[in-house]
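Summary of the model geometry
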Amino acid sequence: MATVELRFSAQPEHVRTARLVAAAVARRAGVDEAVLDEVRLAVGEACTRAVGLHRSNGVTTPIRVVLTEEEKTFSIAVGDEVPGAGVAAADAAGVPGARSSAPVEDFDDADGEDEMGLAVIRGLVDDVEVSAGEDGGTIRMSWPVSSADVLS
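Residues numbered from 1 in each chain as written. Predicted model: local features only at pLDDT ≥ 70, side-chain atom pairs only at ≥ 80, totals over all residues. Heavy atoms only, no water.

1. Describing the environment of Val 31
Tracing the chain through its elements places Val 31 in the loop between α1 (15-29) and α2 (36-57). In this structure Val 31 comes out as buried when scored by relative accessible area, which is 5%. Separated by 113 residues in sequence, Val 31 and Pro 144 have C-alpha atoms that sit 6.5 Å apart. If near-sequence neighbours (up to four positions away) are discounted, Val 31 is found in contact with Ala 26, Leu 36, Val 39, Phe 74, Pro 144 and Val 145. (Helix = DSSP H or I, 4+ residues; strand = E, 2+ residues; numbered from the N terminus. Buried < 20%, exposed > 50% of the residue type's maximum accessible area, 1.4 Å probe, protein only. Contact = heavy atoms within 4.5 Å.)

What follows is the structure in structure tokens.
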């Protein structure tokens, strides 16, 4: 299992870099060329969401993106460090696997943006899991990889 980890400060201009890295690693992992645009868009949405959460909550720690190549799947986890953020939005957007220890009433109107971003991600990616807790939240997305030999 090969893993690439990317950390960047919560600045919107770094989202493009995360998208480019994700597409390059996905291509190398064997994700079908026809799906690479979906990977780029989904990572862009997840990173933009994390940047917005960090900035609106005054969190100065970096956004983390973990790209993992496994035998039959390629997965990306985008993590923020905003406790409990986005779970109400994930529930509203119908994202399976959404869970939190925080009560739903703790969330404010910023969840409208979360709902839209998570709905876009869910439309792009079949396998999505959103989790949030005391240490922040994570959006995990995965795609199948082709069984053909991958260029080195």
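2. Points about the packing of α1 against α2
Running from N to C, α1 and α2 cross one another at 145 degrees; their axes reach a closest spacing of 9 Å. Between α1 and α2 lies a crossing whose hand is right-handed. Within the contact between the two elements, α1 uses Val 15, Ala 18, Arg 19, Ala 22, Ala 23, Ala 26 and Arg 27 and α2 uses Leu 36, Val 39, Arg 40, Val 43, Gly 44, Cys 47, Thr 48 and Val 51. In terms of residue class, the contact of α1 with α2 is built from ten nonpolar, two polar and three charged. (Axes fitted to C-alpha atoms, helices over the stretch in contact; angles between N-to-C directions. Left-handed = near helix turned anticlockwise from the far one by under 90°. Nonpolar A, V, L, I, M, F, W, Y, C, P; charged D, E, K, R; others polar.)

3. Thoughts on the pairing of strand β5 (residues 136-144)
Summarising burial for β5: seven of the nine residues are buried, a large majority. Pairing analysis gives seven bridges linking strand β3 (residues 73-79) to β5, with the strands arranged antiparallel. Note on β5: the bridge partner recorded for Val 78 is Ile 139. Pairing geometry for strand β4 (residues 127-133) and β5, over seven bridges, is antiparallel. Bridge pairing links Asp 127 to Ser 142 in β5. Hairpin remark: β4 followed by β5, antiparallel, with two residues in the connecting loop. (Pairing = 2+ DSSP bridges.)

So, to be careful, I would describe these as geometric facts and stop short of saying anything about function.
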